[in-house]
Amino acid sequence: MTCAACAQRVEKKLNKLDGVTANVNYATEKAWVSAENFDDRQQLVNQLITTVQKTGYTAEVPPEPDDEESTSVGARDLRILRTRLIVSGILTIPVVVWAMVPATQFDYWTWISLVLSLPVVLWAGWPFHRAAVLNARYGTATMDTLISVGTLAALGWSLYALSFGHAGDPSMRHSFSLFDEPYWMSGHSMGSANVYFEVATAVTTFLLLGRYFEKRSKASAGEALRSLVNLGAKDVAVLRNDREVRIPVKELTVGDEFVIRPGEKIATDAVVISGASAVDMSMLTGESVPVEVAEGDSVVGATINASGRLVVRATRIGADTQLAQMAKLVEEAQSGKAEVQRLADKISGVFVPIVLVITLITLGAWLFFGAPAEAAFTAAVAVLIIACPCALGLATPTALLVGTGRGAQQGILIKGPEVLEASTGIDAVVLDKTGTVTTGAMQLTSLLSARQWGGEYEDTELLRLAGSLESASEHPVAHAITNAARESLGSRSGSLPQPENFRNYAGTGVSGEVSGHRVLIGKRRLMGTAGVELPSEVQNLVTEAESRGSTAVLVAIDGVFAGVITVSDTVKETSAEAIEQLVRLGMEPLLLTGDNAGAAHRVADEVGITSVVAEALPEDKVATIRALQSEGKTVAMIGDGVNDAAALAQAELGIAMGTGTDVAIAAADITIIRGDLRSAADAVRLSRRTLRTIRENLFWAFLYNTAAIPLAAAGLLNPMLAGAAMVLSSLSVVGNSLRLRRFR
């Protein structure tokens, strides 16, 4: 594809297939297709490729981003284009100088200009002519049609003037002035005595220069995705029969155990089975402080083992790893379209035929009003060249490529262009507490068994049973209880019996069987539902703990109240600063948590939030967001847990902490790989800046085309200068987009 009109044509043809929805992106040169009623994937692929070929283009299933063949093909295309540009530039310079500087003209200079111009227009400009012919075969016209017709018309007129006019006379001389009447047109007096080799060659060279920089810029803009994919390790030391065998990462399978020495990259997502170390996550998250890991902890592929020797077991490989999922999210985002770009695509699709009509009208009007054929021809060619809608086609894709790529480098994954548009109107932000505003790493602060009220369990046994049951839960409160139980038994990883018949009650607690006992852990509401009678003093204990900002859970064993366990969370060091940044972005914060009111208000006061909704079940979180939306607010939700997934989906903008659950990440529009809440503010800033860049690009592109065509039709633009202006408009769009690479 060579312009936005090409992409529009291919997309339209693909979408005509039954059950197919296609999105064709000019910048990435890819079509993302979803299809219904196709059981055979290969059959679908073949049909899609055939449809593209019938439209006049070629297509293939794209290689992986890190595929060497993909890189070499792109480099080869760029090399061929560079060769055409260099040859064209060398031959064009003397032609332009002779035409524009009368003092350099000599006998037969017009014939030598012809010899130099033919390879420029016909060979260097062949990609334009080939595309124009293909388009004509299928009854359509694109930007290449404008370029081909314009340059061939200039060449054809010049051949006519040489063969049948006075331009071929040995002593023929041209005058040239940018300021002759009409303004910005060469001041040739007689059409049959004038040649336009400088127009044909200079326009071809300018356009090749634009294509070259455009292609190189697109490659540069997509570099973030390739560098992201290439972060991974290339080989790995696998344990086979207690011996280390080094194999390529592609041969690794789930369940393989491998060794990671200090300084080595972790080959894939895995769980530590022995050893302890600090892992540098900065390559994925931007977080500079290494994360401590030990037996039982998960590690992520492409991160670096900073200190001790680790033996890990692979849990996810290939396309399932976090790195691969990040790359997939980035690529999907780069291939999407914002609503503003869809409008630009529709305009580009009808723009070329309109320009051809305007060209004919321009030619006819000049001749009708008695202008010389030379003047009419020059104005018509200028219209053809100035109108190429390159800038329109590049406005959104280049900004998306750079913006989402830069976000990935900073640990911010934006799912698509519609997310950018959602970010602009956000005026309320709802934040989950645990794991989002706080560390989520709760610690047990007190344990009080019911022995003093006649219960039969001592503190140690109560903690053992509670810790065993909670070991099956992923909740931070459960982790605190389980870790405390393991520490009390002198072992972090074992000595706790496995629970049976485990059941989770969303937002209220858990139940199950441990060592033959029925254990129930949770809030007063759950105890009441289960018919567990509570001593009157328990209410005061729970209230007192909650007033301190701690979380108190009740334990019942075999249907009898057994004790109170209190845990507390700590606020992340950067949360207060993050809230301040979100407020500066025009968002009113609200803390929304399933935790008790005391804990919620303590955290809210610490970080500067005045609105709090506590003890909220998952459905309550959704209801709270709907209530804000009913008030006319546009809501962003930031969370990390399974119970936040529905709320993340309900909000106009869902932001998931990458340290949270896969369900939350899947439901969100933006994923923050690191656990720093400040990255949420960064994500909104990046989204808004990217969208602003897109709008700036489209504004200048529309302004350029609408303003320049009347100037060219009025004869105020020399065709050669029109070609240069068209190239500069495209380069300005690309250059404006590349400024996003400096985002911090």
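Keep in mind it's a predicted model, so treat the numbers as computed, not measured.

Peer 1: Just give me the short version of the overall build of the protein chain, but keep the residues and values in it.
Peer 2: Counting its secondary structure elements, the protein chain contains 26 helices and 24 strands. In the protein chain, buried positions account for 52% of the 744 residues. Considering only residue pairs separated by 6 or more positions, the protein chain has 67% of its internal contacts joining residues 24 or more positions apart. Entry remark: accessible area of the protein chain is about 32,000 Å², with carbon and sulfur atoms responsible for 55%.

Peer 1: Break down the sheet that holds strand 18 (residues 551-557) for me, with residues and values.
Peer 2: Strand order in the open sheet made by the six strands is 14-19-18-17-16-15, with antiparallel pairing throughout. With one partner strand each, in any of the chains shown, strand 14 (443-449) and strand 15 (500-505) form the two edges of the open sheet. On average, each strand axis in the sheet is inclined to that of its neighbour by 20 degrees, with strand direction left out of account. As defined by bridge partners, strand 17 (residues 517-522) adjoins strand 18 across four bridges and the pair is classed as antiparallel. Each bridged residue has a counterpart across the sheet, and for Ile521 the counterpart in strand 18 is Val555. In the packing of helix 19 (residues 536-547) onto the sheet, the strands contacted are strand 14, strand 18 and strand 19 (560-568), and the crossing angle to strand 18 comes to about 150 degrees.

Peer 1: Outline the side chain of Ser117, supporting the account with residue identities and numerical values.
Peer 2: In this structure, Ser117 sits in helix 4 (residues 109-124). Beyond its immediate sequence surroundings of up to four residues, Ser117 is in contact with Val95, Phe197 and Thr201.

Peer 1: So what's going on with the packing of aromatic side chains? Residues and values would help.
Peer 2: Enumeration over the complete set of coordinates arrives at five aromatic pairs. Look at Trp157 and Tyr160: their rings are 6.0 Å apart centre to centre, the planes differ by 55 degrees, and that puts the pair in the tilted class. Taken together, the residues Trp157 and Tyr160, both in helix 6 (residues 143-164) and three residues apart, mark about one turn of the helix. Looking at Trp157, the relative accessible area reads 18%, which means it is buried. Both rings, one in Phe699 and one in Trp700, keep their centres 5.2 Å apart while their planes meet at 75 degrees; by these two values the pair is edge-to-face. By relative accessible area, Phe699 is classed as partly exposed at 49%. Taken together, Trp157, Tyr160 and Phe164 form an aromatic cluster joined through their ring pairs.

Peer 1: I'd like a description of a nonpolar patch on the surface, backed by residues and values.
Peer 2: A contiguous nonpolar surface patch, about 230 Å² in accessible area, is contributed by Ile93, Val97 and Val101. According to the relative accessible area criterion, Val101 is partly exposed, its value standing at 36%.

Peer 1: Could you give an account of the UniProt feature "transmembrane region" (unreviewed entry) in the protein chain, with specific residues and numbers?
Peer 2: Mapped onto this structure's residue numbering, the UniProt feature "transmembrane region" (unreviewed entry) falls at residues 85-102, 108-126, 146-167, 187-209, 347-369, 375-402, 697-714 and 720-738. Secondary structure content for residues 146-167 is 86% helix and 0% strand, and the end C-alpha separation is 26 Å. In residues 697-714, the share of helix is 94% and the share of strand is 0%. The end C-alpha atoms are 26 Å apart.

Peer 1: Which residues make up the packing of helix 16 (residues 459-470) against helix 17 (residues 476-488), and what values do they have?
Peer 2: For the pair helix 16 and helix 17, interaxial distance at closest approach is 8 Å and the crossing angle is 130 degrees. Accordingly, the angle class assigned to the pair helix 16 and helix 17 is oblique. With respect to the hand of their crossing, helix 16 and helix 17 are arranged in left-handed fashion. Together, Leu463, Ala466, Gly467 and Glu470 of helix 16 and Ala478, Ile481, Thr482, Ala484, Ala485 and Ser488 of helix 17 make up the contact between the two elements.

Peer 1: Tell me about unusual backbone geometry, residues and numbers included.
Peer 2: The phi dihedral of Asn501 falls on the positive side, at around 55 degrees, and the residue is not glycine. Using a relative accessible area of 58% as the deciding quantity, one classes Asn501 as exposed. Its identity as a non-glycine residue notwithstanding, Glu615 has a phi of 50 degrees, on the positive side. For Glu615, the location among the structural elements is in the loop between strand 21 (611-613) and helix 22 (618-630). The exposure class assigned to Glu615 is partly exposed, which follows from its relative accessible area of 35%.

Peer 1: An account of the pattern of salt bridges is requested, with residue identities and associated values reported.
Peer 2: Applying the stated criterion across every chain yields a total of 19 salt bridges. Arg309 is paired through a salt bridge with Glu244; the nearest N and O atoms lie 3.5 Å apart. One end of the pair, Arg309, is in the loop between strand 10 (304-305) and strand 11 (310-316); the other, Glu244, is in strand 4 (residues 243-248), and 65 residues separate them in sequence. Taking the relative accessible area as the measure of exposure, Arg309 reaches 45% and is therefore partly exposed. According to the relative accessible area criterion, Glu244 is partly exposed, its value standing at 34%. Through salt bridges with shared partners, a single network forms among Asp235, Arg246 and Glu264.

Peer 1: So what about helix 20 (residues 575-584)? Which residues, and what values?
Peer 2: Within the span of helix 20, buried status applies to Ser575, Ala578, Ile579, Gln581 and Leu582. Looking down the long axis of helix 20, one finds its buried residues gathered within 160 degrees of arc, a one-sided arrangement. Here the buried face of helix 20 lies against strand 13 (428-431), helix 15 (433-437), strand 20 (588-592), helix 21 (597-607), strand 22 (635-639) and helix 25 (678-713). One or two residues past the end of helix 20 sits Gly586, with phi positive at roughly 90 degrees.

Peer 1: Quick one: what's the story with the sheet that holds strand 8 (residues 291-293), residue by residue and with numbers?
Peer 2: Ordered by their spatial adjacency, three strands build an open sheet running 8-7-10, and the pairing between neighbours is antiparallel. Two strands lie at the open edges of the sheet, namely strand 8 and strand 10, each paired on one side alone.

Peer 1: Could you give an account of the side chain of Asp269, with specific residues and numbers?
Peer 2: Its place among the elements puts Asp269 in strand 6 (residues 269-274). Take Asp269: its relative accessible area is 2%, and that puts it in the buried class. A polar contact is formed between the side chain of Asp269 and the side chain of Arg316, at a distance of 3.2 Å. Residues contacting Asp269, with those up to four places away along its chain left out, are Val299, Val300, Gly301, Arg313, Ala314, Thr315, Arg316, Thr321 and Gln322.

Reading guide: rules and limits
Residues numbered from 1 in each chain as written. Predicted model: local features only at pLDDT ≥ 70, side-chain atom pairs only at ≥ 80, totals over all residues. Heavy atoms only, no water. Helix = DSSP H or I, 4+ residues; strand = E, 2+ residues; numbered from the N terminus. Buried < 20%, exposed > 50% of the residue type's maximum accessible area, 1.4 Å probe, protein only. Contact = heavy atoms within 4.5 Å. Areas by Shrake-Rupley, 256 points an atom, 1.4 Å probe, with all protein chains shown as cover. Pairing = 2+ DSSP bridges. Axes fitted to C-alpha atoms, helices over the stretch in contact; angles between N-to-C directions. Phe/Tyr/Trp six-rings, centres within 6.5 Å; stacked < 30°, edge-to-face > 60°. Patch = residues over 30% accessible without salt bridge, like charges linked within 9 Å, V, L, I, M, F, W, Y side chains within 5 Å. Salt bridge = Lys/Arg side-chain N within 4 Å of Asp/Glu carboxyl O. UniProt positions renumbered as here; feature names shortened; annotations may be inferred. Parallel < 35°, antiparallel > 145°, perpendicular 65-115°, else oblique. Left-handed = near helix turned anticlockwise from the far one by under 90°. Arc of directions from axis to C-beta. Polar contact = N/O pair within 3.5 Å; in protein donor to acceptor, adjacent residues only side chain to side chain.

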